[in-house]
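# Geometric and topological summary
Take a look at the letters that make up each chain.
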Amino acid sequence: MPRIITLSVDRWAPTNCAPDVVECAAESLEQGNILFFPHLGFQLGAAEQAFLSPETAGKSKNVSWDGVAGRLRGSNVDPALQPLLQGMMQRFAAAGESLLRALFPAYPGALVTSRTSFRAVEVAGRSTSWRKDDTRLHVDSFPSTPVQGKRILRLFSNVNPNGQARSWRFGGSFEAVAERFLPTLTAPPRGSARLLQWCSVTRGYRTAYDHYMLQLHDRMKADGAYQSSPDVTGYDFPPQSTWLVFTDQVPHAVVRGQYLLEQTFYVPVDAMRDPERAPLRTLERLLARPLT
Ligand SMILES: O=C(O)CCC(=O)C(=O)O
Ligand SMILES: [Fe+2]
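Residues numbered from 1 in each chain as written. Chains lettered and ligands numbered in written order. Predicted model: local features only at pLDDT ≥ 70, side-chain atom pairs only at ≥ 80, totals over all residues. Heavy atoms only, no water.

What follows deals with the overall build of the protein chain. Along the backbone of the protein chain there are seven helices and 11 strands. At 19 Å, the protein chain has a C-alpha radius of gyration in line with the 19 Å of a compact globule built from 292 residues. Taking all 292 residues of the protein chain together, 51% fall into the buried category. Within the protein chain, contacts between residues at least 6 apart in sequence are counted, and of these 86% link residues at least 24 apart. Put simply, the protein chain shows about 13,000 Å² of open surface, and 53% of that area lies on carbon and sulfur atoms. (Helix = DSSP H or I, 4+ residues; strand = E, 2+ residues; numbered from the N terminus. Rg over C-alpha atoms; globule rule 2.2 N^0.38 Å. Buried < 20%, exposed > 50% of the residue type's maximum accessible area, 1.4 Å probe, protein only. Contact = heavy atoms within 4.5 Å. Areas by Shrake-Rupley, 256 points an atom, 1.4 Å probe, with all protein chains shown as cover.)

Taken together, the protein ligands of the iron ion (ligand 2) are His138 (NE2), Asp140 (OD) and His252 (NE2), with distances of 2.1 to 2.2 Å. One chain supplies every donor to the iron ion (ligand 2), and in sequence these donors are spaced H-x1-D-x111-H. A residue pair is termed long-range when its members are at least 10 positions apart, and histidine 138 in the loop between β5 (112-119) and β6 (151-158) and histidine 252 in strand β10 (residues 252-256) qualify at 114 residues. As far as the burial class goes, histidine 138 and histidine 252 line up, both buried. (Donors = N, O, S within 2.8 Å, 3.2 Å for Na, K, Ca; no water.)

Here we take up the side chain of aspartate 66. Among the structural elements, aspartate 66 can be located in strand β3 (residues 62-66). Given the relative accessible area of 14%, aspartate 66 is considered buried. At 3.0 Å, the side chain of aspartate 66 and the backbone nitrogen of alanine 69 are in polar contact. The residues touching aspartate 66, leaving out its near neighbours within four places in the chain, are Arg71 and Arg115. (Polar contact = N/O pair within 3.5 Å; in protein donor to acceptor, adjacent residues only side chain to side chain.)

Before going further, it helps to examine the sheet that holds strand β7 (residues 166-170). What the three strands build is an open sheet, ordered β8-β7-β10; its pairing is antiparallel. In the strand order of this sheet, the two ends are held by β8 (233-237) and β10, each with one partner. Adjacent strand axes in the sheet meet at a mean angle of 30°, parallel and antiparallel pairs treated alike. In this sheet, β8 lies alongside β7 in antiparallel orientation, the contact comprising five bridges. Across the sheet, phenylalanine 170 pairs through a bridge with threonine 233, a residue of β8. (Pairing = 2+ DSSP bridges. Axes fitted to C-alpha atoms, helices over the stretch in contact; angles between N-to-C directions.)

The periodicity of an α-helix, 3.6 residues per turn, causes residues three or four positions apart to be oriented the same way. The terminal C-alpha atoms of helix α5 (residues 208-222) lie 21 Å apart, and with 15 residues this matches the ideal 21 Å at 1.5 Å per residue to within 8%. Taking burial as the measure, the 15 residues of α5 include 13 buried ones, the bulk of the element. (Expected span 1.5 Å × (residues − 1).)

To continue, consider the site of ligand 1. Around ligand 1 lies a shell formed by Arg119, Asp134, His138, Asp140, Arg154, Phe156, Arg166, Trp168, His252, Val254 and Leu260. Within the side chain of histidine 252, a nitrogen or oxygen atom sits 3.1 Å from an oxygen atom of ligand 1. Surface burial for ligand 1 is 98%, taken as the share of its 290 Å² of free accessible area covered by protein chains. Those elements giving two or more residues to the shell around ligand 1 turn out to be β6, β7 and β10. Considering only residue class, the shell around ligand 1 consists of four nonpolar, two polar and five charged. (Near = heavy atom within 4 Å. Nonpolar A, V, L, I, M, F, W, Y, C, P; charged D, E, K, R; others polar.)

This part is about the environment of alanine 25. Positionally, alanine 25 belongs in helix α1 (residues 19-30). For alanine 25 and leucine 103, which are 78 residues apart along the polypeptide, the C-alpha to C-alpha distance reads 6.9 Å. The contacts of alanine 25, once residues within four sequence positions are left out, are Leu7, Leu35, Leu103 and Phe104.

Given a rise of 1.5 Å per residue, 12 residues ought to cover 16 Å, and the 17 Å separating the end C-alpha atoms of α1 matches this to within 8%. For α1, the set of buried residues is Val22, Ala25, Ala26, Ser28, Leu29 and Glu30. On its buried face, α1 is in contact with β1 (4-6), β2 (34-37), α2 (82-103), β6 and β9 (242-246). Just downstream of α1 lies glycine 32, where phi reads positive at about 95°.

The tally for this structure, following the rule as stated, stands at 15 aromatic pairs. Seen from their ring centres, phenylalanine 156 and tryptophan 168 are 4.9 Å apart, and the 75° between their planes marks the pair as edge-to-face. Placement of phenylalanine 156 in strand β6 and of tryptophan 168 in strand β7 is noted, with a sequence separation of 12 residues between them. The exposure class assigned to tryptophan 168 is buried, which follows from its relative accessible area of 5%. Here phenylalanine 181 and tyrosine 226 contribute two aromatic rings whose centre-to-centre distance is 5.6 Å and whose plane-to-plane angle is 85°, an arrangement assigned as edge-to-face. (Phe/Tyr/Trp six-rings, centres within 6.5 Å; stacked < 30°, edge-to-face > 60°.)

Below you can see the structure in the form of structure tokens.
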């Protein structure tokens, strides 16, 4: 079962992290634990507080900022306020980058900063399709953005102003989940990956790894017995706290909470302290074939 590893870091650009903290942070994370920063909150400016409303995202529920393309999506705010919203998200992305640079000196050259999201809608009672329903335990996999083996590392900060925690559940280890569901997964049909890319369903080539991870994500969410298995644990992340998880590895679900900032990073498998712990390597071992 994943463990919550608490770190006392209280600033986004910590200087001279002790070597044992750095060592422990990367090791714990790669083992499939959650790094929890109870004293690290993300502060919104006075004007930014206005974004703490479900209206900020409107129908789309999340606002997302793509720093590479320079594109803000899903925003429902007045055009005059867009730059302020964009600035808030860019500031969170930059804060996340500086935290990771300090904590994981071995990753940065290889670390890719991807999307930033602001989640403004209460999770409990929200209506979505089962596949998009993150209240069900799952590991992350993106249908239209193949990662081609790279790790998905996500940083979360609860910015709720009303004292409300973000409640998560965790369900076992990646190995256990992979062994449980692997017999139900099917190989990608021949030629399907090229077709998906050609029809622009995917941005880039959907490798066999991406194919299996997507199926795993779906099978986990669809399996009622697994969802209600007794060995599930939970954790409430309080407002003004931050946590970091390899969400492609740690089976997780969000039960309730409102107002979250999230930053996605990609980490190449070879940049890990121990690449054998990557979901890619675990699946390759179990299936006895290369998947990228
Ligand atoms: O919104 C959350 O708290 C977590 C949702 C989730 O499953 C994820 O971001 O990977
Ligand atoms: Fe997730």
